Structure formats: C-alpha cells, structure tokens
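Each chain is listed here by its residues.
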Amino acid sequence: MSCLDFLAELLLAECDDRARRRSERHIKDAGFPRDKSLRQFDSEATPNIDAAVIHTLGKCEWI
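Rules used throughout
- Note that residues are indexed from 1 along each chain, following the sequence as it is written.
- At least 70 in pLDDT is required for a residue's local features to be given in this predicted model, at least 80 for side-chain atom pairs to be given and counted, and no such filter applies to totals for whole chains, interfaces and linings, which use all residues.
- Values reported for side chains reflect all heavy atoms of the structure, with hydrogen atoms and water molecules removed beforehand.
- Every helix listed is a DSSP run of H or I at least four residues long, and every strand listed is a run of E at least two residues long, numbered separately from the N terminus.
- Residue exposure (1.4 Å probe, protein chains only): buried if accessible area is under 20% of the type maximum, exposed if over 50%, otherwise partly exposed.
- Just to be clear on terms, a salt bridge is a Lys or Arg side-chain nitrogen sitting within 4 Å of an Asp or Glu carboxyl oxygen.
- Pairs of cysteine sulfur atoms within 2.5 Å are what we label disulfides.
- Contact criterion: two residues are considered in contact whenever any of their non-hydrogen atoms come within 4.5 Å of each other.
- Under the rule applied, a polar contact is a pair of N or O atoms within 3.5 Å (in protein, one hydrogen donor and one hydrogen acceptor; residues adjacent in sequence only if both atoms are side-chain atoms).

1. Examining unusual backbone geometry
- Even without being a glycine, cysteine 60 presents a positive backbone phi close to 60°.
- Along the chain, cysteine 60 falls in the segment after helix H2 (51-58).
- Accessibility expressed as a relative area gives 41% for cysteine 60, which makes it partly exposed.

2. Points about the pattern of salt bridges
- Throughout the structure, instances matching the rule amount to five salt bridges.
- The salt bridge partner of arginine 21 is glutamate 14, with a shortest N-O separation of 3.8 Å.
- Taking relative accessible area as the criterion, glutamate 14 reaches 34% and is therefore assigned partly exposed.
- Arginine 21 gets classed as partly exposed once you look at its relative accessible area, which sits at 38%.

3. Some points on the state of the cysteines
- Enumeration over the complete set of coordinates arrives at zero disulfides.
- Of all cysteine sulfurs, the one in cysteine 3 lies closest to cysteine 15, which takes part in no disulfide; the gap is 19 Å.
- The class for cysteine 15 is partly exposed, based on a relative accessible area of 42%.

4. Quick notes on the environment of isoleucine 54
- Relative to the elements of secondary structure, isoleucine 54 occurs in helix H2.
- Since its relative accessible area comes to 19%, isoleucine 54 is described here as buried.
- Spatially, the C-alpha atoms of isoleucine 54 and serine 2 are 42 Å apart, while their sequence positions differ by 52 residues.
- In this view, isoleucine 54 contacts Leu38, Phe41 and Ile49; residues no more than four positions away in its chain are not counted.

5. With respect to the environment of glutamate 24
- When you line up the elements, glutamate 24 lands in helix H1 (residues 3-30).
- Note on glutamate 24: relative accessible area 45%, which makes it partly exposed.
- Separated by 11 residues in sequence, glutamate 24 and aspartate 35 place their C-alpha atoms 9.9 Å apart.

6. Concerning the environment of glutamate 14
- Its location among the elements puts glutamate 14 in helix H1.
- Of the polar contacts made by the side chain of glutamate 14, one reaches the side chain of arginine 18; its length is 2.8 Å.

Remember, this is a structural readout, not a statement about activity or role.
Structure (structure tokens):
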C-alpha cells in the first residue's frame, strides 16, 4: 500500500466517522423519546407491515 493509498483510506474513514457522529448528533438534537432505528424494526412483531416496504421507505429513494 502506497502512502497515497493509506491517506485515501484514512480520509474515507474520517469522513465515515464524521457522518456517523453528525447523524447521532442530529438524532440527539431532535429529542426523540427513544433511540430506535430501522435496523431494529421487528417484522415478526408486526406481520401486517412488509419489512421490505419499510426498508425501501427508509432509503428515501422515493423522494
């Protein structure tokens, strides 16, 4: 791995970390009563809601 490859990987890791922290900060600032995500959605508890539809909506590609 060259120095440029290493720096590129380091930069990508830093950008990913900043995006994750920004998302966490926005969720905290929103003041939601519970910390939940779509990854925690239990499709077995709500069989009348299609899990694929929930995940499609979560990607916001429909906007």
